[in-house]
Amino acid sequence: MATKKAGAKKPRQAAPRGTAARAKRAAAHPGKQAVPAGVGKSEKLELNLALQGGGAHGAFTWGALDRLLEEEDIAIKGISGTSAGAMNAAVLIAGYNEAGRLGARERLREFWKEISDVAASIGPLGQSASTDALSEIPGFDWLAALNPADMLTRVFSPYEFNPLNFNPLRNVLERVLDVKKLHAGIDLFVTATNVETGEARIFRDGEITIDVLLASACLPFLYQAIELDGVPYWDGGYMGNPSIWPLIYRTKCPDVLLVQINPIKRSGTPKHALDIINRVNEISFNSSLIAEMRAINFVAKLVKSGKLNAEEYSEMFMHRVMPPIDMREMTAASKMNASWGFFTLLFSVGRTQMDEWLKHNKKYIGKRGTLDIEEHFLAKSSNKRKSAE
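Worth saying up front: this structure is predicted, and the values here are computed from it rather than measured. (Residues numbered from 1 in each chain as written. Predicted model: local features only at pLDDT ≥ 70, side-chain atom pairs only at ≥ 80, totals over all residues. Heavy atoms only, no water.)

Some points on the overall build of the protein
For step 1, the next point in the chain: If you tally the helices and strands in the protein, you get 14 helices and 10 strands.
For step 2, the next point in the chain: Within the span of the protein, comprising 389 residues, buried residues form 52% of the whole.
For step 3, the next point in the chain: Carbon and sulfur atoms make up 55% of the accessible area of the protein, which amounts to about 17800 Å² in all. (Helix = DSSP H or I, 4+ residues; strand = E, 2+ residues; numbered from the N terminus. Buried < 20%, exposed > 50% of the residue type's maximum accessible area, 1.4 Å probe, protein only. Areas by Shrake-Rupley, 256 points an atom, 1.4 Å probe, with all protein chains shown as cover.)

Listed below in structure tokens is the structure:
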């Protein structure tokens, strides 16, 4: 739900030509099919994306995006992302501006492969794990609990145990991402949390640098705050995971597809330290999203009832893709599993979930939302279900 948008609509950007070698390599990627690069004239459906963060689980989003990029008649107008979601968004846009759809898909694969390679070289959680089936993926709880780095974060701050502020993600981004290619075409919004004010800061287009992306993914127990123009920032998930409102106010597209990887509900009471920390993070990282979804639903009701001017407030069409139940029940430590086998499994699951969403809901883009906000984001709905049971 949105107020009248400010600013004129940006002209459609012509997609740059990709190299033949890049297109050939892209065709060999997991799950890829030969798709012409660039935006075709046949594109009529417009879609905004909102991408959550979630550590290694962001590879699910990679798979979902890979499948979506195969749909030549869907144009991505804007992307709002936080943490891993912001990195997925930035890599997609830079790759797209470099070599169209195949360029975006190739760059995303390269990004996740680089993360896996770096993790394998510096720690035990990067080693390969059994990935025969989703239910058989080890949670790595015992390994994480014995991880010296994890134990250090419980006693010392990153200013003490990591005085040089080493962050392997910086090297990966510098190798894979050309930030100059983020400043045209698809609108990009990245959320980070202002440490001093506790407010969300939305960076967009020309403001976005590698430091901004690192700020959006800066977990305060692992990394020193990222300073931008003298202001310290932490992970954007605390205040917007992801932020929906920039898509509402800064683009003219009413459809927003949320790729949600953090479960809102989790049955049972966590008993182990890692599970407790994980659940606390899930609750805090989902709180702003829940608040925004409730606000969107509230404004929609006011417009439909005639209490708000329909000419000033336009209806938003919300959609959602999320992992299957068995992935949502993974433990906290699985977010640190950077093995390539784990990444490619999540990639495959993400493609499957997006494919299912497209089969059932693509026809509704531009017409109506397919996400029941009251059922999934309003507490009273869950209470009703409980009483009914």
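That shown, we press on.
Concerning the pairing of strand 5 (residues 200–204)
For step 1, the next point in the chain: Note that strand 4 (residues 187–194) and strand 5 share five bridges and pair antiparallel. Within strand 5, the position partnered with Thr193 by the bridge is Ala200.
For step 2, the next point in the chain: In this antiparallel pair of consecutive strands, strand 4 and strand 5, the connection spans five residues, and Gly198 shows a positive phi of 75°. (Pairing = 2+ DSSP bridges.)

Details of unusual backbone geometry
For step 1, the next point in the chain: Residue Pro242 follows Asn241 across a cis peptide bond; omega there is -5°.
For step 2, the next point in the chain: For Asp205, which is not glycine, the phi torsion reads 45° and is therefore positive.
For step 3, the next point in the chain: Along the chain, Asp205 falls in the loop between strand 5 and helix 8 (210–216).
For step 4, the next point in the chain: For Asp229, which is not glycine, the phi torsion reads 55° and is therefore positive.
For step 5, the next point in the chain: Within the secondary structure, Asp229 sits in the loop between strand 6 (226–228) and strand 7 (231–235).

A word on the packing of aromatic side chains
For step 1, the next point in the chain: One pass over the structure, following the stated rule, counts five aromatic pairs.
For step 2, the next point in the chain: On the numbers, 5.6 Å between centres and 70° between planes, the contact of Phe203 with Tyr233 is edge-to-face. With Phe203 in strand 5 and Tyr233 in strand 7, this pair connects stretches of sequence that are 30 residues apart. Considered together, Phe203 and Tyr233 belong to a single accessibility category, that of buried residues.
For step 3, the next point in the chain: Of the aromatic side chains, those joined through ring pairs into one cluster are Trp62, Trp340 and Phe347.
For step 4, the next point in the chain: Lys113 extends its terminal NZ or CZ atom over the ring of Trp340, reaching a point 5.6 Å from the ring centre.
For step 5, the next point in the chain: Of note, Arg368 hangs over the ring of Tyr364, and the distance from its end group to the ring centre comes to 3.8 Å. (Phe/Tyr/Trp six-rings, centres within 6.5 Å; stacked < 30°, edge-to-face > 60°. Lys NZ or Arg CZ within 6 Å of the ring centre and 35° of its normal.)

Remarks on the environment of Lys301
For step 1, the next point in the chain: Topologically, Lys301 is positioned in helix 10 (residues 273–304).
For step 2, the next point in the chain: A relative accessible area of 40% means that Lys301 is categorised as partly exposed.
For step 3, the next point in the chain: For the pair Lys301 and Glu315, spaced 14 residues apart in the sequence, the C-alpha separation amounts to 9.7 Å.

Observations concerning the nonpolar core
Most often, soluble globular proteins have nonpolar side chains that are buried together.
For step 1, the next point in the chain: Counting 69 residues, the largest nonpolar core has Leu49, Ile79, Leu92 and Phe111 as its most contacted members.
For step 2, the next point in the chain: A total of 16 residues in this core trace back to one element, the largest contributor, which is helix 3 (residues 84–122).
For step 3, the next point in the chain: In this view, Phe111 contacts Met87, Val91, Val172, Leu173 and Val176; residues no more than four positions away in its chain are not counted. (Core = buried A, V, L, I, M, F, W, Y, C linked by side-chain atoms within 4.5 Å. Contact = heavy atoms within 4.5 Å.)

Quick look at helix 10
For step 1, the next point in the chain: End to end, helix 10 covers 46 Å across 32 residues, agreeing with the expected 46 Å (1.5 Å per residue, within 8%).
For step 2, the next point in the chain: Of all the bends in helix 10, the greatest measures close to 35° and is centred on Ser287. (Expected span 1.5 Å × (residues − 1). Bend = angle between axes of the 7 residues up to and from the residue.)

Overview of the pairing of strand 8 (residues 255–259)
For step 1, the next point in the chain: Most of strand 8 is tucked away, with five of its five residues classed as buried.
For step 2, the next point in the chain: Alternating residues of strand 8 divide into Asp255, Leu257 and Val259 and Val256 and Leu258, and every residue in both groups is buried.
For step 3, the next point in the chain: Examined bridge by bridge, strand 2 (residues 45–51) and strand 8 share four bridges and lie parallel to one another. In the sheet register, Leu51 faces strand 8, and the bridge partner there is Val259.

A few points about the pattern of salt bridges
For step 1, the next point in the chain: Across all of its chains, the model carries 23 salt bridges by this definition.
For step 2, the next point in the chain: Linking Asp178 and Lys181 is a salt bridge whose minimum nitrogen-to-oxygen distance equals 2.9 Å.
For step 3, the next point in the chain: Linked by salt bridges that have partners in common, Asp66, Arg67, Glu70, Glu71, Asp73, Arg105, Arg351, Asp355, Glu356, Lys359 and Lys362 make up one network. (Salt bridge = Lys/Arg side-chain N within 4 Å of Asp/Glu carboxyl O.)

Concerning the packing of helix 2 (residues 58–68) against helix 12 (residues 340–361)
For step 1, the next point in the chain: Running from N to C, helix 2 and helix 12 point in directions that differ by 45°, and their axes come no closer than 6 Å. Judged by the inter-axis angle, helix 2 sits oblique to helix 12. Crossing hand, helix 2 versus helix 12: right-handed. For the pair helix 2 and helix 12, contact is made by Ala59, Phe60, Trp62, Gly63, Ala64, Asp66, Arg67 and Leu68 and by Trp340, Phe343, Leu346, Phe347, Val349, Gly350, Arg351, Gln353, Met354, Asp355 and Leu358, respectively. (Axes fitted to C-alpha atoms, helices over the stretch in contact; angles between N-to-C directions. Parallel < 35°, antiparallel > 145°, perpendicular 65-115°, else oblique. Left-handed = near helix turned anticlockwise from the far one by under 90°.)

Quick word on the confidence of the model for the protein
For step 1, the next point in the chain: Across the protein, pLDDT averages 79, with 74% of residues at or above 70.
For step 2, the next point in the chain: In the model, residues 124–148 has pLDDT below 50 throughout and makes 52 contacts with residues more than four positions away in sequence or in other chains.
For step 3, the next point in the chain: Note that pLDDT drops below 50 for residues 381–389; the model gives that stretch five contacts with residues more than four away or on any other chain. (pLDDT = per-residue confidence, 0-100.)

Some remarks on the environment of Glu110
For step 1, the next point in the chain: Within the secondary structure, Glu110 is located in helix 3.
For step 2, the next point in the chain: When the C-alpha atoms of Glu110 and Leu177 are compared, they prove to be 10.0 Å apart, with 67 residues separating the residues in sequence.

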